[in-house]
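What follows is the residue order along each chain.
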Amino acid sequence: MNHSKSTAERESLVLRAIWMLVFFFVWQLAEVVLLVVVVVQLIQRCISGEPSRTLQEFGDSLSQYIAQIGRFGTFNTERKPWPLSDWPTPRPADMETVVSPVAEEPKNEAQP
């Protein structure tokens, strides 16, 4: 019984290694696509002054997808990335806004 368990684990590991190899090539392609998105987004920002919302969403999803491949490849998860699971949902952009500092009124802790 112990022999069949170790054989099944070995076969499972071989199958995982094959998936890891496939996702390695997908990762390489995804990096190129992400580079194109970054360059196009930069051009869009220079021309119109605003980033493209569509490219922001796609870029976020693609970044999450690349991270999923990394997590799968480093054995941090058993969940295989897309197309074997759902494509990542884009998160809202966390654009920082510049806020001018406002002088705070001194607090008097001894107020009645």
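It should be noted that the structure appears before, not after, this text.
Note that the structure is a prediction, hence the values are computed from the model and not measured.

## Things to note about the packing of aromatic side chains
Applying the stated criterion across every chain, the model contains six aromatic pairs. With 4.8 Å between their ring centres and 35° between their planes, Y65 and W87 make a pair best called tilted. With a gap of 22 residues between them, Y65 in helix α2 (residues 53-73) and W87 in the segment after α2 connect regions that are remote in the sequence. Residue classification places W87 among the partly exposed positions, given a relative accessible area of 30%. On the basis of an interplanar angle of 85° and a centroid distance of 5.4 Å, the ring pair of W82 and W87 is categorised as edge-to-face. The rings of W19, F23 and F72 are connected pair by pair, giving a single aromatic cluster. One Lys or Arg, R16, reaches over the ring of F72 and ends 4.1 Å from the middle of that ring. Lying over the aromatic face of F75, R16 brings its terminal NZ or CZ to 4.1 Å of the ring centre.

## Re the pattern of salt bridges
Counted according to the given criterion, the structure contains three salt bridges. Salt-bridge contacts for E78 lead to R16; the nearest nitrogen and oxygen are separated by 3.0 Å. Taken together, the residues span a long stretch of sequence, with E78 in the segment after α2 and R16 in helix α1 (residues 2-48) at a distance of 62 residues. D60 is the salt-bridge partner of R91, the closest N and O atoms lying 2.8 Å from each other. One end of the pair, R91, is in the segment after α2; the other, D60, is in helix α2, and 31 residues separate them in sequence. Classification of D60 as buried rests on a relative accessible area of 16%.

## As for the side chain of S61
Among the secondary structure elements, S61 is positioned in helix α2. In this view, S61 contacts W87, P88, T89 and P90; residues no more than four positions away in its chain are not counted.

Cut-off values and rules
- Residues numbered from 1 in each chain as written.
- Predicted model: local features only at pLDDT ≥ 70, side-chain atom pairs only at ≥ 80, totals over all residues.
- Heavy atoms only, no water.
- Phe/Tyr/Trp six-rings, centres within 6.5 Å; stacked < 30°, edge-to-face > 60°.
- Helix = DSSP H or I, 4+ residues; strand = E, 2+ residues; numbered from the N terminus.
- Buried < 20%, exposed > 50% of the residue type's maximum accessible area, 1.4 Å probe, protein only.
- Lys NZ or Arg CZ within 6 Å of the ring centre and 35° of its normal.
- Salt bridge = Lys/Arg side-chain N within 4 Å of Asp/Glu carboxyl O.
- Contact = heavy atoms within 4.5 Å.

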